[in-house]
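Analysis of the macromolecular model
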Amino acid sequence: MSVFDRINRAAAKRLPLKWVRARLDAPIASFSFDDFPRSAWSAGGPILARRGALATYYAAGDFCGRTVDGIDYFDAADLVAIRDAGHEIGCHSFSHEHGPALESHVLRDNLERNAAFLADCLGDHRTASFAYPYGDISPRTKVLAGRHFPVGRGIRAGVNQGLIDLAELKAVPLELRSWSAAEVERWVGEAAANKGWIVFFSHDVSETPTPYGCTPAMLEHALGCVEAAGVEILTVKSGLARAVFA
Ligand SMILES: [Zn+2]
């Protein structure tokens, strides 16, 4: 990460744009998949279904129907099936570029292009939540995304509790490169103890995942921890409604 990126990220962190005091009287958890590789649905979907859990799939339209670097991505039929199964489709921009590197009008066009793409696939679709590509964020892009979406999810590690920033929800990775069962258990324990909102994110779900994805067992483990701690699983959109309007 460059110095410029580091400064931007630190400044964005100090710009709590949409601070609200969470009105949770019980902890909640959300599971999200970014980009998203097809296996997040083909392999992740059945695991979620067996537990009656709904997730949020952050689609970047440019990946639709493509294979990039050997990874198969979702297609339009997947989006419909995911929506029909009750999951949430969120926005991950259209072209999946580093937001702070784009001029504001380019970034805005990119968000609108993804909205048009999702509307083409899903008909009347209102996108409630956004995930910053690469978790890359600056004060400017945070303001911009904050205007477009009720809730935005970053990748800064943590549980959302007490005063939470809806323009940059904290999240916990379920990624092979950094995963540890004990860490997942610790984060879930923190959410449960503080009536917080824990948001997991991953990419592909495979027995041989990319560094950014998880195995079926890792996903099962996180779901099992959440269930064992009595934490309800909601999409990010439903989590927002629960945290703000409950
Ligand atoms: Zn992404």
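Preceding block: the structure.
Below or above, wherever it landed, is the structure these notes cover. Along each chain, residue indices are assigned from 1 in the same order as the chain's sequence is written. With the structure being a predicted model, the display of local features is reserved for residues of pLDDT at least 70 and the display and counting of side-chain atom pairs for 80 or more, all residues being used for whole-chain, interface and lining totals. Hydrogens and water molecules were not included; the side-chain quantities draw on all heavy atoms of the structure.

1. With respect to the pattern of salt bridges
Within this document, salt bridges are pairs made up of a side-chain nitrogen of Lys or Arg and a carboxyl oxygen of Asp or Glu, the two lying within 4 Å of each other. Evaluation of the coordinates by the stated rule reveals 14 salt bridges. Here Glu 227 and Arg 51 are joined by a salt bridge, their closest N and O atoms 2.9 Å apart. With Glu 227 in helix H8 (residues 216-228) and Arg 51 in the loop between helix H3 (44-50) and strand E3 (56-59), this residue pair connects regions lying 176 residues apart in the sequence. Relative accessibility thresholds used throughout: buried, under 20% of the residue-type maximum; exposed, over 50%; partly exposed, between the two (1.4 Å probe, protein chains only). Using a relative accessible area of 29% as the deciding quantity, one classes Arg 51 as partly exposed. Taking the shortest distance from any N to any O, the salt bridge between Arg 66 and Asp 62 comes out at 3.3 Å. Judged by relative accessible area, which is 36%, Arg 66 ranks as partly exposed. Via salt bridges that share partners, Arg 50, Arg 51, Glu 220 and Glu 227 belong to a single interconnected network. Helix and strand assignments follow DSSP, with helices taken as H or I runs no shorter than four residues and strands as E runs no shorter than two, numbered in order from the N terminus.

2. Some points on the packing of aromatic side chains
Two aromatic rings, drawn from Phe, Tyr or Trp (for Trp, its six-membered ring), form a pair once their centres lie within 6.5 Å of each other, and the interplanar angle then sorts them: stacked below 30 degrees, edge-to-face above 60, tilted otherwise. According to the stated counting rule, one finds ten aromatic pairs in the structure shown. Consider the rings of Phe 94 and Phe 117, whose centres lie 6.2 Å apart with planes at 75°: the pair is edge-to-face. Highlighted residues: Phe 94 in the loop between strand E6 (88-91) and helix H5 (104-122) and Phe 117 in helix H5, separated in sequence by 23 residues. Neither Phe 94 nor Phe 117 differs from the other in exposure class; each is buried. Taken together, the ring pairs in this structure connect Phe 33, Phe 36, Trp 41, Tyr 57, Phe 74, Phe 94 and Phe 117 into an aromatic cluster. The ring of Trp 187 is capped by Arg 186, whose NZ or CZ atom sits 4.5 Å from the centre of that ring. Definition used: whenever NZ (Lys) or CZ (Arg) falls within 6 Å of the ring centre and also within 35 degrees of the ring normal, the charge is taken to sit over that ring.

3. A few points about helix H7 (residues 181-194)
The terminal C-alpha atoms of H7, which comprises 14 residues, lie 20 Å apart, in line with the 20 Å expected from a rise of 1.5 Å per residue. Among the residues of H7, those classed as buried are Val 184, Trp 187, Val 188 and Ala 191. The buried residues of H7 occupy an angular sector of 95° when projected down its axis, which confines them to one face. Set apart from the buried face of H7 by more than 90 degrees, the exposed residues are Ala 182 and Ala 193. Throughout, a contact is declared for two residues whenever any of their heavy atoms are within 4.5 Å. Residues of H7 that are buried in the fold lie against strand E8 (151-157), strand E10 (169-173), strand E11 (197-202) and H8. Helix span, as expected, comes to 1.5 Å for every residue beyond the first. An arc is given here, and it is the one of the directions from the helix axis to the C-beta atoms.

4. Here's the deal with the coordination of the zinc ion
Distances from the zinc ion to its protein donors, Asp 35 (OD), His 92 (NE2) and His 96 (NE2), fall within 2.0 to 2.1 Å. Asp 35 sits in the buried class, given a relative accessible area of 8%. Note that water is not among the atoms used; donors are N, O and S atoms within 2.8 Å of the metal (3.2 Å for Na, K and Ca), so sites may look incomplete.

5. Notes on helix H9 (residues 236-245)
For H9, the full list of buried residues reads Val 236, Gly 239, Leu 240, Ala 243 and Val 244. Along the axis of H9, the buried residues cluster in a sector spanning 110°; they form a single face.

6. Considering the packing of H7 against H8
Look at H7 against H8: their axes get within 10 Å of each other, and the N-to-C directions meet at 30°. Relative to H8, the element H7 is oriented roughly parallel. Crossing hand, H7 versus H8: right-handed. Touching Ala 181, Val 184, Glu 185 and Val 188 of H7 are His 221, Ala 222, Cys 225 and Val 226, all from H8. Only the contacting stretch of a helix is used when fitting its axis, a line to C-alpha atoms as for every element, and angles between N-to-C directions run 0 to 180 degrees. Angle categories are assigned with fixed cut-offs, so that under 35 degrees is roughly parallel, over 145 is roughly antiparallel, 65 to 115 is roughly perpendicular, and the rest are oblique. Here is the rule for handedness: rotate from the far helix to the near one, and if that takes an anticlockwise turn smaller than a right angle the crossing is left-handed, while a clockwise turn gives right-handed.

7. Some thoughts on the environment of Arg 186
By secondary structure assignment, the location of Arg 186 is in helix H7. Expressed as a C-alpha distance, the spacing of Arg 186 and Ala 55, which sit 131 residues apart in the sequence, is 21 Å.

8. Observations concerning unusual backbone geometry
With an omega of -5°, the peptide bond running from Asp 35 to Phe 36 counts as cis. Mapped onto the elements of the fold, Phe 36 is located in the loop between strand E2 (28-35) and helix H2 (39-42). Despite not being glycine, Asp 69 has its phi angle at roughly 50°, a positive value. Mapping Asp 69 onto the fold places it in the loop between strand E4 (67-68) and strand E5 (71-72).

9. Points about the nonpolar core
Here the nonpolar core consists of buried residues drawn from Ala, Val, Leu, Ile, Met, Phe, Trp, Tyr and Cys, with membership extended through side-chain atoms lying within 4.5 Å. Of all hydrophobic cores here, the largest spans 44 residues; its most connected members are Phe 31, Leu 79 and Phe 200. Sorting elements by how many residues they give to this core places H8 first, with six residues. In this structure, Phe 200 is in contact with Ser 30, Phe 31, Ser 32, Val 172, Leu 174, Val 184, Val 188, Ala 222 and Val 226, ignoring residues within four places of it in sequence. In terms of nonpolar packing, the next biggest core, distinct from the first, is built from 18 residues, Leu 166, Trp 197, Val 199 and Phe 201 among them.

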